[in-house]
Structure formats: C-alpha cells, structure tokens
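Letter by letter, the chains look like this.
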Amino acid sequence: NDAPHLPVFRYLTPPGTQGFAPHYDDIEAFVVQLEGKKHWRVYNPRSQAETLPQFSSPNFSQEEIGEPVLEVVLEAGDLLYFPRGFIHQGDCLPDAHSLHITISSYQRNSWGDLLEKLVPAALQVAIEEDVEFREGLPLDYLTYMGVQHSEKVDPRRSEFTAKVKRLFRKMAEFAPVDAGVDQKAKDFLHDCLPPALTEEEKVNGVHGARTRWEEGDARYVTMHMTGKSRIRLIREGVARLCSEGGDLMLYHTVDNSRVYHKEEPQCFQVEDEYADAVDFLIRSYPKFVAVDSLPCDCLEDKVAISKVLFEKGLIITKEPLLFS
C-alpha cells in the first residue's frame, strides 16, 4: 500500500520465557497476536515527567514499576494497544509459544516536535524584522547573570529576566506557523511509501507510456495532452506545495524508496504561474478534471504543467493518452 512506513516488528517467543524487560516506548504500539498465547502486563506512567515521553526508556526492575493496570493473555487474533509512555512487559505461558507483531506509530508527532521546527524559524524572522531583537546586551550582564550569580539579590537580574520573557512572547508574533507545519509535512512525506499503483493506473500514467527511462526518470515522452484530456492526482496525500526561501517546491512520495529513507526527500520547483493549477489538482482529488479547467493564464500553460506532472508520475489520465 501507499501508507507511511509503519515499523512492524515480529517476535517469536518460546514457551515459559520472556522477551524484553519492562520498559516504555516513544510510540503508540499495537500488538497483534498471530500464533500461540502471550501474557501481557501494562502499567501507568510512573510520573508526569514520563507521561507521553519523547524518547524510549531504559529497562526497569519490577520494584520500580508497581502494579499493572491491565493484565491479559492474548490469543491468536487478539489485539492490544498501549499508548506512548505506558510501561509494558510480555512473557510466554509454560505450555505455549507466542508469535506476534508490534506495529509502531505516531513517533515524534507532538506539539513539542512541531515547536522544534517553528521556534528557530520564528526567532530568525523576529531578528530580521524587529530591531529590538538586534539590540546589544547590557555591557555588564555577565557580572550579575549566570549560575554563579543565581543567588544574588540584584534588581538588574529581575529586569534582565523580564526582558527575555517579553522577547519570547513577542517572538511568538513572528512564528511562521504554516511554514513550520510544512516542515513536519515534508518529514511525513519522506516517511511514506511510494504509491502502489493498480494496473489501470499504470496504463493511464507515465508507466504506461512509450517512454525512455534514465536513472528512474521518464525521458522523451511525446504525448498528445490536450485541453480536453481529463487528469487526476495519482493518490490523495502524495504531494504538498511548500515555500522555501521564496521558491515554491512540490514535495511528493512517488519516487520514494520502499527501503526507509534510502532516498533524499523528493521535490521539484514549481513556477509561480503554475502554483494555482497544482493546488487545484491537489484539492480536486479524487475527481478527474479537464486540463482546460486548470487556473492558468492560457491553454499552453495548462498543457505544459499537466505534462510535467504526468512525466513526474504525479497524475494519471481518465483514458490512456496517445503517444507518438
């Protein structure tokens, strides 16, 4: 399928043995029992600091984790979910082996992870646009600020700290929230598998064209794309327009490897005059739309961007195109 890469781990455990020691993970986990049985114990997070953790834990001893909030034996066909940060351990019964898979999801997808993208960008914009962020620090601030002065009673410390907090609040006004979300979207698209095409989609796309392929790209595709040709994005969610340094880039998944992150993020520049047409196609999915309905200035531009997207494998046609 063309879902994101979801790490799936398979575990075979002999009767009467235990796999991992008690621990928590930085993902949402779904355990699917395939064969045999397995005894699971799940525990609440030990503290607020370990609730919804950003990273996985080391192993714990029994004395460190208390009593389970859930104790269950999974049999073939059963599914168990435990949220990020919930401590868990599984062991086999004496008379049965266990074969299960664990599907992990939702890793590094918190508000904090978004802010890791957003705060540096907000600071850079603030520095560029507000002179207060470029003003010099007090000449003598090293004489009253820092850990070695933290116990000092000095009004300058309060003034300094108050200004830092005020600048933080002011910085939020410059936060390019959409750009930060686009950075997360780029990471997500990089994680995704390429679309798994049906035979019909292959026939009606670049893979069905009489094409010379060089290094994975279509070359010398001579197609009869007209204003009446009906086109559609190959799959919902495979492409996203992002702004980078004044340029408009289209990030996509169609050239992703089926090996996780084997390739760099895939993108190409979209000229401003084609941006509305690309956005229109993304929003029109799953409908087929006529090339001459694209919001470009002239039919020549409408056909040109349609050919580019076809050659990149991002769109298919309602009916197979004619080639020469």
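Scroll up a little and you will see the structure.
Residues numbered from 1 in each chain as written. Predicted model: local features only at pLDDT ≥ 70, side-chain atom pairs only at ≥ 80, totals over all residues. Heavy atoms only, no water.

### Describing the overall build of the protein
Argument step 1. In terms of helices and strands, the protein carries 6 helices and 14 strands.
Argument step 2. Whereas a compact globule of 324 residues would reach a radius of gyration of roughly 20 Å, the protein reaches 27 Å, over 25% beyond that.
Argument step 3. In terms of its C-alpha atoms, the protein occupies a principal-axis envelope of roughly 75 × 75 × 30 Å.
Argument step 4. Within the protein, the fraction of its 324 residues that count as buried is 40%.
Argument step 5. Pairs at least 24 apart in sequence give 78% of the contacts found in the protein among residues at least 6 apart.
Argument step 6. Element-wise, carbon and sulfur atoms account for 54% of the exposed surface of the protein, whose accessible area totals about 19200 Å². (Helix = DSSP H or I, 4+ residues; strand = E, 2+ residues; numbered from the N terminus. Rg over C-alpha atoms; globule rule 2.2 N^0.38 Å. Buried < 20%, exposed > 50% of the residue type's maximum accessible area, 1.4 Å probe, protein only. Contact = heavy atoms within 4.5 Å. Areas by Shrake-Rupley, 256 points an atom, 1.4 Å probe, with all protein chains shown as cover.)

### Some thoughts on the sheet that holds strand β11 (residues 247–252)
Argument step 1. The 3 strands lie next to each other as β10-β11-β12, forming an open sheet whose pairing is antiparallel. With one partner strand each, in any of the chains shown, β10 (239–244) and β12 (266–269) form the two edges of the open sheet. Strand-to-strand twist in this sheet, taken as the mean axis angle between neighbours without regard to direction, amounts to 30°.
Argument step 2. Bridge analysis of β11 against β12 gives 4 bridges, and the strand direction is antiparallel. When the sheet's bridge partners are listed, L250 is paired in β12 with F268.
Argument step 3. Contacts from helix α3 (residues 177–191) reach β10 and β11, with the element oriented near 135° to β10. (Pairing = 2+ DSSP bridges. Axes fitted to C-alpha atoms, helices over the stretch in contact; angles between N-to-C directions.)

### Details of the nonpolar core
Argument step 1. By size, the foremost hydrophobic cluster in this structure holds 32 residues, and its most contacted members are M225, I231, L250, I305, L309 and L314.
Argument step 2. Those elements giving two or more residues to this core turn out to be β9 (230–233), β10, β11, α5 (272–284), α6 (299–311) and β14 (315–317).
Argument step 3. By residue number, the principal contributor to this core is α5, which donates 5 residues.
Argument step 4. Leaving out residues up to four positions away in the same chain, I305 has contacts with Y274, A277, V278, L294 and C296. (Core = buried A, V, L, I, M, F, W, Y, C linked by side-chain atoms within 4.5 Å.)

### Quick look at the side chain of H190
Argument step 1. With respect to the secondary-structure elements, H190 resides in helix α3.
Argument step 2. Among the polar contacts made by the side chain of H190, one reaches the main-chain carbonyl oxygen of E263 at a distance of 2.7 Å.
Argument step 3. The residues touching H190, leaving out its near neighbours within four places in the chain, are N256, H261, E263, E264 and P265. (Polar contact = N/O pair within 3.5 Å; in protein donor to acceptor, adjacent residues only side chain to side chain.)

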